[in-house]
Amino acid sequence: MTKRKIETIAIQAGRNYDTEIGAVMPPIHLSTTFIRGNAGDFVYSRTGNPNRQALEECLTDLEGGVGAIAFSSGMAAVAGVFQSLSQGDHVILPDDTYFGVRELVTNLLSRWGLEHTLVDMTDLVALKAAIRPNTRLVWVETPSNPMLKITDILAVASLAHERGALVGVDGTWATPMLQPALELGADLVVHSTTKYLGGHSDLTGGVVVAKEEDAFFEKMRTMQGIGGAVPSGFDCWLLLRGIRTLPYRMRAHCANAMQVARFLEAHPKVHTVYYPGLESHPGHEIAKRQMKDFGGMLSVQVRGGREAADRVVNRTKIFAKATSLGGVESLIEHRAPAEDENTKTPMDLLRISVGLEHPDDLIEDLAQALG
Ligand SMILES: *Cc1c(COP(=O)(O)O)cnc(C)c1O
């Protein structure tokens, strides 16, 4: 059989029909414990649950990996990766990585002896210089949050692999639809499933998908079951339900975001638009190569500084003034105040999650808010 297309995988993967009563949609398993010797070998819900198993099968297939490990949030998934490293290991992070990841590595895990260097991941010379004999992991986030920097996964992977380091990609903003991170050379790909994979802003989750089921994978699997940051059966069920429409939602997110980006690029009250689909974006050529489309997220810097940025987010009527992203509804956020005191995000920057409302209505709303 030819390899199934991603739309088919999104709908069919992890689907196990109930043969007893013929339910087409799976039941939600709330039981915390299972009779010994059952067909699925389930014992206790922290270490395994049928809804989680179905979800992990689906995520493995979507990324074309060999195994997936689901966690209770994106940050728990990231922590599951970094906590599987050892004292004295060195990691390299992008200097504009998601602030939670920066905090985890530089403040929390540094106390347990994990060494780190922050670099501009788009500068391959800087990356090469930062690799040490004990570098075990190079972390990539592309597109990055909130500056939408594009990192060349293929190039980073070739540098890192030459020196024996693993490459982990936070692909939350691209989703498995737009960026085949494992195929491009990553060893691990992480998603905050809270965002596009869930897609409806009603669950918190995260996942790591791996290219190899090796000793490192087993360590992460142990972090899941023993660390215990596991998603509930209900959250797994809800997430799998969201994933079923991911390919079609992403098409519309990308199309709407492109229209909004072009509108904002031409607007006199906006001085910079960060959207990798625009020819003016410094990462446009790489994005064209490694992404199928450019995603639903964009950031803009408005004229008039912090006050002007605040004014815009308080005037939108369709765009809700809220953090997070990837849901069907459009959101806008004055980003720097939402991050910690170490933020490098400009004070006049607005981060926009373009939803699935009609693009004409979205543009009209931004036009009136910008004034
Ligand atoms: C939201 C986000 C995370 C964290 O995920 P949570 O589900 O909020 O824990 C990590 N990386 C990126 C790029 C994100 O956007």
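These notes cover the structure that comes with them. Every value quoted in this text rests on a predicted model; they were computed, and no experiment measured them.

Within the chain, the regular secondary structure consists of 13 helices and twelve strands. The C-alpha radius of gyration of the chain comes to 21 Å, within 12% of the 21 Å expected for a compact globule of 371 residues. Based on the C-alpha atoms only, the size of the chain along its principal axes is roughly 65 × 55 × 40 Å. Taking the intrachain contacts of the chain between residues at least 6 apart in sequence as the baseline, contacts between residues at least 24 apart amount to 70%. Summing over all exposed atoms, the chain offers an accessible surface of approximately 16000 Å²; the carbon and sulfur share of this is 55%. Across the chain, 36 positive and 44 negative side-chain charges occur, with their mean positions spaced 1 Å apart.

In this section: a nonpolar patch on the surface. On the surface, Tyr-17, Val-24 and Met-25 cluster together into a nonpolar patch covering about 310 Å² of accessible area. By the secondary structure assignment, Val-24 is in the loop between helix H1 (6–12) and helix H2 (50–63).

Where like charges cluster on the molecular surface, the positive patch consists of Lys-269, Arg-311, Arg-315 and Lys-317. Relative to the assigned elements, Arg-315 resides in helix H12 (residues 305–315). Given the relative accessible area of 35%, Arg-315 is considered partly exposed.

What follows covers the layout of surface pockets. The calculated volume of the largest pocket comes to roughly 460 Å³. Lining the largest pocket we find 23 residues, and of these Asn-16, Pro-26, Pro-27, His-29 and Pro-50 sit closest to its centre. Counting residues per element, the ones that place at least two in the lining of the largest pocket are H2 and helix H9 (233–243). Of all the elements, H2 adds the most residues to the lining of the largest pocket, at five residues.

Ordered in space as S8-S9-S12-S11-S10, the five strands form an open sheet in which the pairing is mixed. Among the strands making up the open sheet, the edge pair consists of strand S8 (270–274) and strand S10 (320–321). Relative to strand S11 (residues 331–334), S10 runs parallel, the two being bridged by two bridges. Across the sheet, the residue bridging to Lys-321 is Ile-332, located in S11.

Mapping Asn-16 onto the fold places it in the loop between H1 and H2. For Asn-16, a relative accessible area of 52% corresponds to the exposed category. Sequence separation between Asn-16 and Pro-26 is ten residues, and the spatial gap between their C-alpha atoms is 7.2 Å. Excluding anything up to four places from it in sequence, Asn-16 contacts Ala-54 and Glu-57.

Another point: the sheet that holds strand S1 (residues 67–71). Sheet architecture is open: seven strands sit in the order S1-S7-S6-S5-S4-S2-S3, paired in mixed fashion. Since the sheet does not close on itself, it has two edges, and those belong to S1 and strand S3 (115–119), each with one partner. Geometrically, the sheet is characterised by an average inter-axis angle of 20° between neighbouring strands, direction not taken into account. Inspection of the sheet shows S1 paired to strand S7 (residues 206–210) by five bridges, in the antiparallel sense. Across the sheet, the residue bridging to Ala-70 is Val-207, located in S7. Contacting S1, strand S2 (90–94), strand S4 (135–141), strand S6 (188–192) and S7, helix H3 (residues 74–82) runs over the sheet at an angle of about 155° to S6. Sheet strands touched by helix H4 (residues 99–108): S2, S3 and S4. Its angle to S2, the strand with the most contacts, is close to 155°.

As a further point, take the state of the cysteines. Two cysteines, two sulfur atoms, one covalent bond between them: this is a disulfide. Evaluation of the coordinates by the stated rule reveals zero disulfides. Free cysteine Cys-236: the closest other cysteine sulfur is in Cys-58, separated by 12 Å. Free cysteine: Cys-254, not disulfide-bonded; nearest cysteine sulfur from Cys-58 at 19 Å.

Here the focus is a negative patch on the surface. A surface patch of like charges, here negative, comprises Glu-212, Glu-213, Asp-214 and Glu-218. Among the secondary structure elements, Glu-218 is positioned in helix H8 (residues 215–227). Judged by its relative accessible area of 41%, Glu-218 is partly exposed.

Parameters at a glance
Residues numbered from 1 in each chain as written. Predicted model: local features only at pLDDT ≥ 70, side-chain atom pairs only at ≥ 80, totals over all residues. Heavy atoms only, no water. Helix = DSSP H or I, 4+ residues; strand = E, 2+ residues; numbered from the N terminus. Rg over C-alpha atoms; globule rule 2.2 N^0.38 Å. Contact = heavy atoms within 4.5 Å. Areas by Shrake-Rupley, 256 points an atom, 1.4 Å probe, with all protein chains shown as cover. Lys, Arg positive; Asp, Glu negative; His and termini not counted. Charge placed at Lys NZ, Arg CZ, Asp CG, Glu CD. Patch = residues over 30% accessible without salt bridge, like charges linked within 9 Å, V, L, I, M, F, W, Y side chains within 5 Å. Salt bridge = Lys/Arg side-chain N within 4 Å of Asp/Glu carboxyl O. Buried < 20%, exposed > 50% of the residue type's maximum accessible area, 1.4 Å probe, protein only. 1 Å grid on protein atoms, 1.4 Å probe; cavity = no way out; pocket = protein on both sides within 12 Å on 5 of 7 lines; lining within 4 Å. Points joined across faces, edges and corners; volume = space filled by probe spheres on them. Pairing = 2+ DSSP bridges. Axes fitted to C-alpha atoms, helices over the stretch in contact; angles between N-to-C directions. Disulfide = S-S within 2.5 Å.

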